[in-house]
Amino acid sequence: MALIHLKIVTPQGQFFDADAQRVMVRTTGGDVAILPHHIDYSAALAEVGQARVTDANGQIRRGEVQGGLLHVSNDDVQVITNHFRWKDE
C-alpha cells in the first residue's frame, strides 16, 4: 500500500512525524484530502479547521488546526500551523 509522509509543525516544534494513508484538512478554499501520489500543492489553512489523519494502520485520528500552511511535494505532506491538537487527547 502506498503511503504519504506527514509532518505537523507548530511554533513549539515538530508535533507529528509519521507515515499516513490519507490526510484531510480544511483550507481557506474548503476541505482537501491528500492521498499518495497527489500532485504538488500548497494552500493556506483555515483559521479554525478540522484535520483527519488516517495512519499507516488505518486508524483515524481527528485534530483541530488553527491557521497556517499545507504543502505537498513528492508524497511528503507538511502542515505548518499556529496550533494543532488531537481531539482524543
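Bear in mind that the values here come from a model prediction, so they are computed numbers and not experimental data.

(A) Summary view of the packing of aromatic side chains. This model, assessed by the stated rule, comprises four aromatic pairs. Aromatic pair F15 and F84: ring centres 5.1 Å apart, planes at 55 degrees, arrangement tilted. In this pair, F15 is assigned in strand β2 (residues 13-27) and F84 in strand β7 (residues 76-86), connecting sequence segments 69 residues apart. Between F16 and W86, the ring centres sit 5.6 Å apart and the planes meet at 80 degrees, which makes this aromatic pair edge-to-face. Of this pair, F16 sits in strand β2 while W86 sits in strand β7, and the two are 70 residues apart along the sequence. One aromatic cluster is present, built from ring pairs that chain together F15, F16, F84 and W86. The ring of W86 carries the charged tip of R61 above its face, separated from the ring centre by 4.0 Å.

(B) Region of the structure containing the nonpolar core. One finds L6, I8, V23, I34, L70 and V77 to be the most contacted residues of the largest nonpolar core, which totals 19 residues. Of all the secondary structure elements, the ones that give two or more residues to this core are β1 (4-10), β2, β3 (30-34), β5 (49-55), β6 (60-73) and β7. When neighbours within four sequence positions are excluded, V23 is seen to be in contact with I4, L6, V32, A33, I34 and R52.

(C) Examining the pattern of salt bridges more closely. In this structure the tally under the stated criterion is three salt bridges. Notably, a salt bridge pairs D31 with R26, separated by 2.7 Å at the nearest N-O pair. Using a relative accessible area of 44% as the deciding quantity, one classes D31 as partly exposed.

(D) Molecular detail of the environment of Q66. Looking at the element boundaries, Q66 is found in strand β6. Measuring from C-alpha to C-alpha, the distance between Q66 and D88 comes to 17 Å, with 22 residues separating the pair along the chain. Those residues within four positions of Q66 in sequence are excluded, and the remaining contacts are A46, E47, T81, N82 and H83.

(E) Up close: the pairing of β2. Note that β1 and β2 share seven bridges and pair antiparallel. What sits directly across from T10, in β2, is G13. As paired strands, β2 and β3 are joined by five bridges and run antiparallel to one another. The partner of T27 across the bridge, within β3, is G30. In this structure, the hairpin formed by β2 and β3 is closed by a connection of two residues.

Reading guide: rules and limits
- Residues numbered from 1 in each chain as written.
- Predicted model: local features only at pLDDT ≥ 70, side-chain atom pairs only at ≥ 80, totals over all residues.
- Heavy atoms only, no water.
- Phe/Tyr/Trp six-rings, centres within 6.5 Å; stacked < 30°, edge-to-face > 60°.
- Helix = DSSP H or I, 4+ residues; strand = E, 2+ residues; numbered from the N terminus.
- Lys NZ or Arg CZ within 6 Å of the ring centre and 35° of its normal.
- Core = buried A, V, L, I, M, F, W, Y, C linked by side-chain atoms within 4.5 Å.
- Buried < 20%, exposed > 50% of the residue type's maximum accessible area, 1.4 Å probe, protein only.
- Contact = heavy atoms within 4.5 Å.
- Salt bridge = Lys/Arg side-chain N within 4 Å of Asp/Glu carboxyl O.
- Pairing = 2+ DSSP bridges.

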